[in-house]
Amino acid sequence: MTESVPGGPSAALTYTSYLALDEVLTAQRPRSDEHDEMLFIVIHQVYELWFKQILHELGLLQRCLEKGDAPHSVRTLRRVLTILKVVVAQIDVLETMTPRQFTSFRTRLDASSGFQSGQFRELEAMLGRRDRRMLAPYARDSESYERITAAMSRPTVFDSFLRYLADAGYDIPSRHLERDVRTQWTGDEDVQRVLVQVYGDDSGPSTVADLLVDLDEGLQEWRYRHVKMVERTIGTKSGTGGSAGAAYLRTTLFHAIFPDLWAVRSRL
Ligand code: HEM
Ligand SMILES: N[C@@H](CC(=O)c1ccccc1NC=O)C(=O)O
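Residues numbered from 1 in each chain as written. Chains lettered and ligands numbered in written order. Predicted model: local features only at pLDDT ≥ 70, side-chain atom pairs only at ≥ 80, totals over all residues. Heavy atoms only, no water.

Under the definition given, this model contains 23 salt bridges. Residue arginine 232 is joined to glutamate 95 by a salt bridge in which the shortest nitrogen-to-oxygen separation is 3.7 Å. Here arginine 232 is found in helix α12 (residues 204-234), whereas its partner glutamate 95 is found in the loop between α5 (91-94) and α6 (99-106), with 137 residues between them in sequence. Owing to a relative accessible area of 52%, arginine 232 belongs among the exposed residues under this scheme. For glutamate 95, a relative accessible area of 16% translates into the label buried. The shortest N-O distance in the salt bridge between glutamate 124 and arginine 121 comes to 2.7 Å. You can see glutamate 124 and its partner arginine 121 sitting in helix α7 (residues 118-126), 3 residues apart, about one turn around the helix. Of the two residues examined, glutamate 124 and arginine 121, each falls in the buried class. A single salt-bridge network, built from bridges that share partners, covers Arg121, Glu124, Arg129, Asp131, Arg133 and Arg223. (Salt bridge = Lys/Arg side-chain N within 4 Å of Asp/Glu carboxyl O. Helix = DSSP H or I, 4+ residues; strand = E, 2+ residues; numbered from the N terminus. Buried < 20%, exposed > 50% of the residue type's maximum accessible area, 1.4 Å probe, protein only.)

The structure is reproduced here in structure tokens:
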């Protein structure tokens, strides 16, 4: 009988090995000796892990919507919204870092920037953004380039929602169900007429619709909190990524993910 010895060559699964902590906990590599750089790295890594989880959940959400599975869609959306609350709240932790503390290691960041977050761009693409400029920071054969391109070629969350509504018996024009999903969706009056009807029926589909509004609002909240953090930390300095900084970020603030869901509010 071969009994494995703890720590031996065929060691039993442990907390450390299961969670690959040897990799995770050696991945914090500050470039300066400044105390606060560790917080900056850890916060961003935690963000990227949550982005990964949100992408995973949105994939499931789309499959649930396309199968017409309302209860599972609702549960999945609630999970995404809860994660979003956590990542927005996390900004409070980073805001305990003062401008002077950030400035002490900022030059060591060189030209790196949140601009280059491939997972954030993939998230935007799943939520409907169709903008090849998002690919600019990536080499054509890189993982991020591939993933963002793939996401921009698949149906968006809103496309999946329209399919779900059609399946539930709502009169979504077939030109929308068969649209070229690689192009930007900008809203449509016929779809908005259906949405007014959906809200009138006040059943499963209207619950899903409102959770999508929560998601849209949640992402806008993140953008707002991020801009405020940027304003208080670097003021009007331009960004390491080459943008105008806060002035650029403010231009992204009121961009709705699901324009039709906002367009109908005054008719409900
Ligand atoms: C002290 C903290 C932070 C500062 C001063 C800051 C600053 C900036 C600036 C100036 C930009 C514009 C791009 C550029 O020119 O660099 C930007 C973009 C971005 N940042 Fe941050 N950031 C901070 C923290 C974070 C955190 C914690 C995240 C979480 C992942 C994040 C994610 C992003 C993303 C995704 C963008 C691109 C936004 C877009 O283009 O819509 N940032 N940030
Ligand atoms: N863009 C920021 C630097 C920054 O925040 C950053 C740098 C590297 C990796 C992630 C970052 N976070 C968000 O942009 C700046 O201009 O100070």
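Picking up where we left off.
A few words on the site of ligand 1. Near ligand 1 you find 28 residues, and of these Ser113, Arg121, His226, Ser243 and Tyr248 are the closest. The contact in question runs from an oxygen atom of ligand 1 to an N or O atom on the side chain of tyrosine 248, over 2.5 Å. If one sorts the elements of the shell around ligand 1 by residue count, α12 sits on top with 7 residues. Taken together, the residues of the shell around ligand 1 sort by class into 15 nonpolar, 11 polar and 2 charged. (Near = heavy atom within 4 Å. Polar contact = N/O pair within 3.5 Å; in protein donor to acceptor, adjacent residues only side chain to side chain. Nonpolar A, V, L, I, M, F, W, Y, C, P; charged D, E, K, R; others polar.)

Next up on the list: empty space enclosed by the protein. With the rule as written, the count across this model stands at 2 cavities of 30 Å³ or more. Its boundaries defined by the atoms lining it, the largest cavity holds a volume of some 40 Å³. Together, Tyr47, Phe51, Ile54, Leu84, Val87, Phe120, Leu123, Leu219 and Trp222 line the largest cavity. Put simply, the parts of the chain that give the lining of the largest cavity at least two residues each are α3 (37-67), α4 (70-89), α7 and α12. (1 Å grid on protein atoms, 1.4 Å probe; cavity = no way out; pocket = protein on both sides within 12 Å on 5 of 7 lines; lining within 4 Å. Points joined across faces, edges and corners; volume = space filled by probe spheres on them.)

One pass over the structure, following the stated rule, counts 12 aromatic pairs. Residues phenylalanine 51 and phenylalanine 120 carry aromatic rings whose centres are separated by 5.9 Å and whose planes lie at 50 degrees to one another, so their mutual orientation is tilted. Of this pair, phenylalanine 51 sits in helix α3 while phenylalanine 120 sits in helix α7, placing them 69 residues apart in sequence. Of the two residues examined, phenylalanine 51 and phenylalanine 120, each falls in the buried class. Clustering of aromatic rings is evident, with ring pairs tying together Phe158, Phe161, Tyr164, Trp185 and Phe258. (Phe/Tyr/Trp six-rings, centres within 6.5 Å; stacked < 30°, edge-to-face > 60°.)

What follows covers the UniProt feature "binding site: heme" (unreviewed entry) in the protein. According to UniProt, the positions carrying the feature "binding site: heme" (unreviewed entry) are His226. In this view, histidine 226 contacts Ile91 and Leu249; residues no more than four positions away in its chain are not counted. (UniProt positions renumbered as here; feature names shortened; annotations may be inferred. Contact = heavy atoms within 4.5 Å.)

Another point: the side chain of serine 32. Tracing the backbone through its elements, the reader meets serine 32 in the loop between α2 (21-24) and α3. Of note is the side chain of serine 32, whose polar atom sits 3.1 Å from the backbone nitrogen of glutamate 34. Of note is the side chain of serine 32, whose polar atom sits 2.6 Å from the side chain of glutamate 37.

Here we take up helix α8 (residues 143-153). For α8, every residue scored as buried is listed here: Tyr145, Ile148, Ala151 and Met152. Down the axis of α8, the buried side of the element spans an arc of 135 degrees, and every buried residue falls inside it. At its buried positions, α8 is contacted by α7. (Arc of directions from axis to C-beta.)

What follows covers the site of ligand 2. Looking at ligand 2, the residues that line it are Phe40, His44, Phe102, Arg106, Leu109, Ser112, Ser113, Gly114, Ile234, Gly239 and Thr240. In the model, an oxygen atom of ligand 2 is placed 2.6 Å from a nitrogen or oxygen of the arginine 106 side chain. A distance of 2.8 Å is found between an oxygen atom of ligand 2 and a backbone nitrogen or oxygen belonging to threonine 240. Relative to its unbound accessible area of 390 Å², ligand 2 is 80% covered by the protein chains. Of all the secondary-structure elements, those providing two or more residues to the shell around ligand 2 are α3 and α6. Across the shell around ligand 2, the residue classes break down as 4 nonpolar, 6 polar and 1 charged. (Areas by Shrake-Rupley, 256 points an atom, 1.4 Å probe, with all protein chains shown as cover.)

For the iron atom of ligand 1, the protein contributes exactly one donor atom, His226 (NE2), at 2.2 Å. Taken together, the 6 donor atoms coordinating the iron atom of ligand 1 and their angles of 79 to 180 degrees define a geometry best described as octahedral. Within the secondary structure layout, histidine 226 lies in helix α12. (Donors = N, O, S within 2.8 Å, 3.2 Å for Na, K, Ca; no water. Tetrahedral: all angles 85-135°; square planar, octahedral: opposite > 155°, others 65-115°.)

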